[in-house]
Amino acid sequence: MTAALDDLGGISAFVKPGEKVLLKANLLMEKRPEDATLTHPAVLKAMIEILTANGNPVTIGDSPGGPFNDSMLSRIYRTGGYAALADQTGAALNRNYASCSRENPRGLLLKRLTMTDMLNDHDKVISVSKLKTHGMMTYTGAVKNLFGTIPGIMKAEYHLNMPEYDNFADALIDICLAANPVLSVMDGIVGMEGHGPSAGEPRSLGVLLAGANPFALDRIACEIISLPPEKVPTLRRAIARELSGADLPDITTLGDAPQSFKVSDFAIPKPSRINPSKSLPPFIQKAMSRVLQPRPHFLHDKCVGCGVCGESCPVKVISFPEKRKPKADLDGCIRCYCCQELCPVKAVVIKRPLLMKLFVENAFSSLTGAIIKKIQYRKRT
């Protein structure tokens, strides 16, 4: 960690002695460090030691996907190893669960936000994210980590009001700009591949990334896992908004070359949605969505009936008709996959219909174009 920060000018290039620093970690849910779901306590420990030596009081904080309260956070702090870390290092754990309003003049969609009040308790924010895949947004890292500055279940409103992925990506970018991290660190020592951000598999990458620009940091991380930026909504929109360069030569890197850590077989989630062309009649759009869209599938043999999936569903289409076993009304599902993301026992998987596997991206576009032409032809005749 020290070497990475030294390449950037040292910690004093980002924070002054005496400034209070919030280490905004990824504390998604109650998981153990070895599950590779949360920012590893060892990475936070290294940051705390550096900041303490610089004379900075440090707090570890996040607002996870469920309720933002002491009961939820205490369990995460204990199981994730953060309570022990705080005892060992003298760092504080956030106990401020209030909200605040914050102006965001740099925002594109969100000019004013409701955010966690812990931001106001600190002079500087340092994001300490985890390199992981994500069922909805394909990838989650430095930028999406700041979604945890939105209070608890209020996050569901963003999924509900912005079901289109590019709009949601712009909202995530706006939130990152509002949180304004002065430094972003990414724990890629052991990342997560496959069905992230919580149901995937740990993958050893041996990389620790740091940079002043969270958008560029995500671009480098995606290069390491061989993920094209155009397949990541937050990166695609960040590049369009000129917050990050599209190509590696556009980004100055120091230390070891990203290519030296590159892996070609990192398991990336399949496309999580196909949007039928709006040029099609509504009844055809609905029929194609029903046949082609991926859907959450509940593994009742693994389900423990905790109800977290129903509580986390923004559109409330998950019910429990029999013995606390969940069932989703797929006509109302917006494909945010919060149910999968927050399931504590990996009992929710995303199933992709056979037709979706056959008609993805270019193939689907060709099919849509052919249908439109046929409809237009019939109209002319």
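Before reading on, note that the structure itself is shown above.
These numbers come from a predicted model, not from an experiment. (Residues numbered from 1 in each chain as written. Predicted model: local features only at pLDDT ≥ 70, side-chain atom pairs only at ≥ 80, totals over all residues. Heavy atoms only, no water.)

Q: Can you help me understand the overall build of the chain in this one?
A: A tally of helices and strands in the chain yields 13 helices and 13 strands. Within the chain, the proportion of its 381 residues that are buried is 54%. Summarising the internal contacts of the chain: among those between residues at least 6 apart in sequence, 73% fall at separations of at least 24. If you sum the accessible surface of the chain, you get close to 16900 Å²; carbon and sulfur atoms cover 53% of it. (Helix = DSSP H or I, 4+ residues; strand = E, 2+ residues; numbered from the N terminus. Buried < 20%, exposed > 50% of the residue type's maximum accessible area, 1.4 Å probe, protein only. Contact = heavy atoms within 4.5 Å. Areas by Shrake-Rupley, 256 points an atom, 1.4 Å probe, with all protein chains shown as cover.)

Q: Please clarify how the side chain of Asp187 should be interpreted in this entry.
A: Note on placement: Asp187 falls in strand 8 (residues 183-193). A polar side-chain atom of Asp187 sits 3.2 Å from the main-chain amide nitrogen of Ile189. If sequence neighbours within four positions are ignored, Asp187 has contacts with Leu38, Thr39, His40, Val43, Ser129, Lys130, Leu131, Val207 and Leu208. (Polar contact = N/O pair within 3.5 Å; in protein donor to acceptor, adjacent residues only side chain to side chain.)

Q: What should I look at first to understand helix 6 (residues 165-179) in this one?
A: In an α-helix, one turn spans 3.6 residues, which is why side chains three or four residues apart end up on the same side. Taking 1.5 Å as the rise per residue, helix 6 with 15 residues should run 21 Å; its terminal C-alpha atoms sit 21 Å apart, in good agreement. Burial analysis of helix 6 places 13 of its 15 residues in the buried class, the great majority of the element. (Expected span 1.5 Å × (residues − 1).)

Q: Hey, could you run me through the pairing of strand 12 (residues 325-328) in this one?
A: Along any regular strand, the residues point their side chains to alternate faces of the sheet. Burial along strand 12 is one-sided: Pro326 and Ala328 are buried, and none of Lys325 and Lys327, which face the opposite way, are. Relative to strand 12, strand 11 (residues 318-322) runs antiparallel, the two being bridged by 3 bridges. Considered in strand 12, the bridge of Glu322 is made with Lys325. Where strand 11 folds back onto strand 12 in an antiparallel hairpin, the turn is made up of 2 residues, including Lys323, whose phi is positive at roughly 50°. (Pairing = 2+ DSSP bridges.)

Q: How do you make sense of the nonpolar core when you look at a structure like this?
A: The tendency in soluble globular proteins is for nonpolar side chains to be buried as a group. If you look at the biggest cluster of nonpolar residues, it comprises 35 residues, and the most contacted ones within it are Ile11, Leu23, Met47, Leu51 and Ile126. Only strand 1 (21-25), helix 2 (41-53), strand 2 (58-61), helix 3 (70-80), helix 4 (82-89), strand 6 (124-134) and strand 8 provide two or more residues apiece to this core. No other element matches the 6 residues that helix 2 contributes to this core. Once you skip the residues sitting within four places of it in the chain, Leu23 turns out to touch Leu44, Met47, Ile48, Leu51, Val58, Thr59, Ile60, Gly61, Ile126 and Val128. (Core = buried A, V, L, I, M, F, W, Y, C linked by side-chain atoms within 4.5 Å.)

Q: How do you make sense of the side chain of Lys24 when you look at a structure like this?
A: Position of Lys24 among the secondary structure elements: in strand 1. Lys24 gets classed as buried once you look at its relative accessible area, which sits at 1%. In terms of polar contacts, Lys24 uses its side chain to reach the backbone carbonyl oxygen of Asn145, at 2.6 Å.

Q: Which parts of the structure should I look at to understand the packing of aromatic side chains?
A: Aromatic rings in a pair are described by how distant their centres are and how their planes are angled relative to each other. Enumeration over the complete set of coordinates arrives at 3 aromatic pairs. Plain terms: the ring middles of Phe68 and Tyr97 are 5.2 Å apart, the flat faces sit at 85° to each other, and that makes the pair edge-to-face. Remark: Tyr97 occurs in the loop between strand 3 (92-93) and strand 4 (99-103) and Phe68 occurs in the loop between strand 2 and helix 3; sequence separation between them is 29 residues. For Phe68, a relative accessible area of 12% translates into the label buried. On the numbers, 5.6 Å between centres and 90° between planes, the contact of Phe147 with Phe168 is edge-to-face. Of the two residues, Phe147 is situated in the loop between strand 7 (138-140) and helix 5 (155-161) and Phe168 in helix 6; the sequence distance between them amounts to 21 residues. Phe168 matches Phe147 in its accessibility class, with the two residues each being buried. (Phe/Tyr/Trp six-rings, centres within 6.5 Å; stacked < 30°, edge-to-face > 60°.)

Q: Explain helix 4 to me, please; I cannot follow it from the model alone.
A: When we look at burial in helix 4, the residues that qualify are Tyr82, Leu85 and Ala86. Down the axis, helix 4 shows its buried residues gathered within 100° of arc, on one side only. Those residues of helix 4 that are exposed and aimed more than 90 degrees away from the buried face are Asp87 and Gln88. Positive phi shows up at Gly90, right after helix 4, with a value of about 85°. (Arc of directions from axis to C-beta.)

Q: Sorry if this is basic, but what is going on with the pattern of salt bridges here?
A: Pairing between side chains of opposite charge can happen when the charged atoms of each approach one another. The full count for this structure, using the stated rule, is 16 salt bridges. Across the pair Glu19 and Lys124 runs a salt bridge, and its minimum N-O distance is 3.0 Å. Remark: Lys124 occurs in strand 6 and Glu19 occurs in the loop between helix 1 (2-7) and strand 1; sequence separation between them is 105 residues. Accessibility assignment for this pair places Glu19 and Lys124 in one class, buried. Between Arg32 and Asp35 there is a salt bridge; the shortest N-O distance is 3.0 Å. Take Arg32: its relative accessible area is 44%, and that puts it in the partly exposed class. Through salt bridges with shared partners, a single ionic network connects Asp170, Asp174, Arg237 and Arg241. (Salt bridge = Lys/Arg side-chain N within 4 Å of Asp/Glu carboxyl O.)

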